[in-house]
Each structure stands twice: as structure tokens, then as C-alpha cells.
Amino acid sequence: MKIVKVLGSGCSKCEKVAQSISAIAAEKQIEIELIKETSPEAMMNYGVMRTPAVVVDEQLVHSGSIPHREDIESWLQ
């Protein structure tokens, strides 16, 4: 199971990213643990300067925008 973290302030873009990841994982029948992280300390630990950001299995894979579906699919494989 992959652990996916969405880092951000909880803004609408962050919520959209979390919903997209959850929906794609369910559609592809991929089991994930989705964590929404809003603490500034967590963002600093990953070196995130712009949100929303996505961390998969403790590796920062995206930041600063809503990721494309193809990107999300590649992270979940």
C-alpha cells in the first residue's frame, strides 16, 4: 500500500488534489493511505515552497499546481 500525502493549507486546490488522487486510486483498485497534511512544519520538512504538494512514500513528487491525471496514475503504480 502506498502512503500519499497532500500538503497544503486546506485550500480548494488542495482538496481537489486529494479528491482526484482518492478517486483515481479507487478507479484503478489501488489501495492507498491518503493523508492531508496542513502543518507548516511538515511542508518545511519536505522543502515545499508552493502548494498543493504531493508526497508518495516519503518522496516529494509534485508541488505548486493541480497535477494531471497521467501524473497521478504514474505515482500510484
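Keep in mind the model is a prediction, meaning the values are calculated, not measured.

Brief notes about the nonpolar core
- Membership of the largest hydrophobic core comes to 13 residues, with the highest contact counts inside it found for V4, I21, I32, V54, I72 and L76.
- Secondary structure elements with two or more residues in this core: strand 1 (2-7), helix 1 (12-27), strand 3 (53-56) and helix 3 (69-76).
- The dominant element in this core, judged by the number of residues it contributes, is helix 1, at five residues.
- Setting aside residues no more than four positions away along its own chain, V4 makes contact with I21, I32, E33, L34, I35, V54, V55, V56 and L76.
- Within the second largest apolar cluster, six residues are counted, among which are L7, M43, Y46 and V48.

Looking at the environment of I32
- Within the element layout of this structure, I32 appears in strand 2 (residues 32-37).
- Taking the C-alpha atoms as reference points, I32 and S22, ten residues apart in sequence, are found 8.0 Å from one another.
- Apart from the residues within four sequence positions on either side, I32 is in contact with M1, K2, V4, I21, A25 and L76.

Calculation criteria
- The residue numbers shown here count from 1 along each chain, following its written sequence.
- In view of the model being predicted, local features appear only for residues whose pLDDT reaches at least 70, and side-chain atom pairs are presented and counted only at 80 or more, with totals across whole chains, interfaces and linings using the full set of residues.
- Each side-chain value is worked out from all heavy atoms of the structure, with water and hydrogens disregarded.
- Among the buried residues, those of types Ala, Val, Leu, Ile, Met, Phe, Trp, Tyr and Cys that are joined through side-chain atoms within 4.5 Å form a nonpolar core.
- Exposure categories follow from relative accessible area, calculated using a 1.4 Å probe and restricted to protein chains: below 20% of the type maximum is buried, above 50% is exposed, and the middle band is partly exposed.
- We count a stretch as a helix when DSSP gives it H or I for four or more residues in a row; a strand needs E for two or more, and each element gets its number in order from the N terminus.
- In what follows, a contact means two residues having at least one pair of non-hydrogen atoms within 4.5 Å.

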